[in-house]
Amino acid sequence: VPTAAGYLVRIWDDSVFSREIPIPDGQTTSYQLTDLPSGFYTWSVQAIDRAGHPGLLSTFWQFTFNQLQIAGVTFTDFGNAIPNPTTTTVEFWGWGMEGFEISYSEAQSVGITNSWYDFIDPSEFSELQQIILENNLMQQPDVILEDGMAPCTGWRGMEIQIVLSDESSHVFQINPQVCFRQDWPAAVLDLVLFRDRLVEKYDPSNF
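Residues numbered from 1 in each chain as written. Predicted model: local features only at pLDDT ≥ 70, side-chain atom pairs only at ≥ 80, totals over all residues. Heavy atoms only, no water.

## Observations concerning the sheet that holds strand β1 (residues 6-12)
Inference 1: Across the sheet, 4 strands lie side by side as β2-β1-β3-β4; this open sheet has antiparallel pairing. One side of each edge strand has no neighbouring strand; the edge strands of this open sheet are β2 (18-23) and β4 (61-65). For this sheet, the mean angle separating the axes of adjacent strands, direction not counted, is 25 degrees.
Inference 2: Where β1 and strand β3 (residues 39-48) come together, 7 bridges link them in antiparallel fashion. Among the inter-strand pairings, Arg10 is bridged to a residue of β3, identified as Ser44. (Pairing = 2+ DSSP bridges. Helix = DSSP H or I, 4+ residues; strand = E, 2+ residues; numbered from the N terminus. Axes fitted to C-alpha atoms, helices over the stretch in contact; angles between N-to-C directions.)

## Brief notes about the packing of aromatic side chains
Inference 1: The final tally for this structure, using the stated rule, is 8 aromatic pairs.
Inference 2: Ring centres of Tyr117 and Phe119 lie 6.4 Å apart, and the angle between their planes is 80 degrees; this geometry places the pair in the edge-to-face category.
Inference 3: Given a relative accessible area of 43%, Phe119 falls into the partly exposed group. (Phe/Tyr/Trp six-rings, centres within 6.5 Å; stacked < 30°, edge-to-face > 60°. Buried < 20%, exposed > 50% of the residue type's maximum accessible area, 1.4 Å probe, protein only.)

## Let's talk about the pattern of salt bridges
Inference 1: One pass over the full model with this rule turns up 4 salt bridges.
Inference 2: Between Arg181 and Asp196 there is a salt bridge, with its nearest N and O atoms 2.9 Å apart. Taken together, the positions of Arg181 in the loop between β10 (169-174) and α2 (186-202) and Asp196 in helix α2 put the pair 15 residues apart, joining distant regions of the chain.
Inference 3: Given a relative accessible area of 28%, Arg181 falls into the partly exposed group.
Inference 4: Here Asp196 falls in the partly exposed class, since its relative accessible area comes to 26%.
Inference 5: Where Asp196 meets Arg195, a salt bridge forms, and the shortest distance between an N and an O atom there is 2.6 Å.
Inference 6: Take Arg195: its relative accessible area is 6%, and that puts it in the buried class.
Inference 7: A single salt-bridge network, built from bridges that share partners, covers Arg181, Arg195 and Asp196. (Salt bridge = Lys/Arg side-chain N within 4 Å of Asp/Glu carboxyl O.)

## A word on the packing of helix α1 (residues 122-134) against α2
Inference 1: Across the interface, α1 lies against α2 with an axial gap of 9 Å and an inter-helix angle of 165 degrees. The orientation of α1 relative to α2 falls into the category roughly antiparallel. Crossing angle aside, the handedness with which α1 passes α2 is left-handed. Facing α1, whose interface residues are Glu124, Glu127, Leu128, Ile131 and Ile132, α2 presents Ala187, Asp190, Leu191, Phe194, Arg197, Leu198, Lys201 and Tyr202.
Inference 2: The class makeup of the residues in the contact of α1 with α2 is 8 nonpolar, no polar and 5 charged. (Parallel < 35°, antiparallel > 145°, perpendicular 65-115°, else oblique. Left-handed = near helix turned anticlockwise from the far one by under 90°. Contact = heavy atoms within 4.5 Å. Nonpolar A, V, L, I, M, F, W, Y, C, P; charged D, E, K, R; others polar.)

## Topic: the side chain of Arg195
Inference 1: Following the sequence through the fold, Arg195 ends up in helix α2.
Inference 2: Dropping the residues within four chain positions of it, Arg195 is found in contact with Phe75, Asp77, Val90, Phe92, Met158 and Arg181.

## Remarks on α1
Inference 1: Taking 1.5 Å per residue, 13 residues should reach 18 Å; α1 reaches 18 Å between its end C-alpha atoms and fits that length.
Inference 2: Where the residues of α1 are buried, they touch β5 (70-77), β6 (87-94), β7 (100-108), β8 (111-120), β9 (158-164) and α2.
Inference 3: Of the residues one or two after α1, Asn136 is the one with positive phi, at around 55 degrees. (Expected span 1.5 Å × (residues − 1).)

Shown next as structure tokens:
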């Protein structure tokens, strides 16, 4: 509102939670809550004039907030069928105050042939979470060969498991026939490319 001296935001849910948030600057048009419990919420806003009088009550809007966070992500790449099939597993885990970890291992029929782990920057784990949550990858179906896609052979596919802080999980597969990355959903490709960047960054053989 061009003439507003401030705003009053009201937010409430179906239980006892309710809050009034005064915003004393009429030029401020956003506000971020940092301690909101999970739930379904209704909110509205009123402009306040220079005399302190409230204007008309706005429309009521609703939103759902889910406090769950990503606890871990495991990428299992089953590798190429020849000459020696190598399964590569990359795991990311957030241990809260204890830090955020990446672990890497390669295995063949003879057993584990290479492995390492390191601690990653919290901002990198946050970016991993952001890719998953903003693109709703917790609902991602298997990536399969669609009409018009050219099948490819030689690769054995990939499995991605996402674990939430409540210990629930979701697993989806990338079919071996869809080994051309340009055929993957954009968010899935972004997630795998982010994994690749962190593996390259923390791989001790690159130091």
